[in-house]
Every structure is written in structure tokens, then in C-alpha cells.
Amino acid sequence: MQYFVDYIGMTPKGALLAATKRGGEIMMRPDELGQLRAGYLADIILVDGDPLQNLALMTDPAKIQLVMKECVIHCATPVPAEAALHLDGASSPLREEGGQGGDRGNELKEEPGRGA
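The model shown is predicted, which means the values in this text are computed figures rather than measured ones.

(A) Representation of the pattern of salt bridges within the structure. Taken as a whole and judged by the stated rule, the model has three salt bridges. In this structure, the salt-bridge partner of Asp43 is Lys69, at a minimum N-O distance of 3.3 Å. Residue Asp43 is located in the loop between α3 (21–26) and β1 (44–47), and its partner Lys69 is located in strand β2 (residues 64–69); the two are separated by 26 residues in the primary sequence. By relative accessible area, Lys69 is classed as partly exposed at 41%.

(B) Broad picture of the packing of aromatic side chains. Enumeration over the complete set of coordinates arrives at one aromatic pair. Measuring from centroid to centroid gives 4.8 Å for Tyr3 and Tyr7, while their planes differ by 35°, and the two rings are tilted. Residue Tyr3 and its partner Tyr7 are located together in helix α1 (residues 2–8), separated by four residues, close to a single helical turn. Classification of Tyr7 as exposed rests on a relative accessible area of 63%.

Reading the values: rules and limits
Residues numbered from 1 in each chain as written. Predicted model: local features only at pLDDT ≥ 70, side-chain atom pairs only at ≥ 80, totals over all residues. Heavy atoms only, no water. Salt bridge = Lys/Arg side-chain N within 4 Å of Asp/Glu carboxyl O. Helix = DSSP H or I, 4+ residues; strand = E, 2+ residues; numbered from the N terminus. Buried < 20%, exposed > 50% of the residue type's maximum accessible area, 1.4 Å probe, protein only. Phe/Tyr/Trp six-rings, centres within 6.5 Å; stacked < 30°, edge-to-face > 60°.

Take a look at the structure:
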């Protein structure tokens, strides 16, 4: 992504979109790839810091906090409970639900009875 910024003139946000949302569009699967949305297949890299300020965070192993591929967490640093994931407009934290990773039934669901 840094190449896109240095040699093509993209902004860091544009480079991240090219690697995610635009990737889903290019692969002709815009309704299932490239975004963190209900029903989408998602691979996630969670980094310590703001990649919009420093794209190098995406390739620094010391800054990678979590990697999730096909609904399976492969590497994780403990995250405090108060740092629960939220969907836009949702009133409660999310929790993992379902069977083995790799199937679309293994989506994050809102946890009942918990406030934001």
C-alpha cells in the first residue's frame, strides 16, 4: 500500500480502500468481499495505531494485534473487555457465534442484554 502512496500518488485512505473495498469490486464480488458488513466474508488485520497516519503499521509484526482469516483468529494479543467491537448503529457489543471457521454462519452477532 505504501507503494500506492509513494509512486501512484494515492492518499493512505485511498490505498487502504484499493486493498479492501475496491479489491472486492475488481474481483466482481462487491456484495460479499472488501468490507466489514453483515453477510460479507472478511479477513481482518487489527493493528496498534492508525494506518491512515502510518501505513507501515500494516507490515510491522510488533504492531499487529489480531489476524482473522475466514472467521478463524490466527494470531491475537489479549484485548480488554471494554474494547468490544461494535457495528454502526448497534447498541451492544458483538460476540462470535457459530461452528467451525470458514463458513458464513460463523458471523459476529449482537450480544443480548449488553449496552454500549
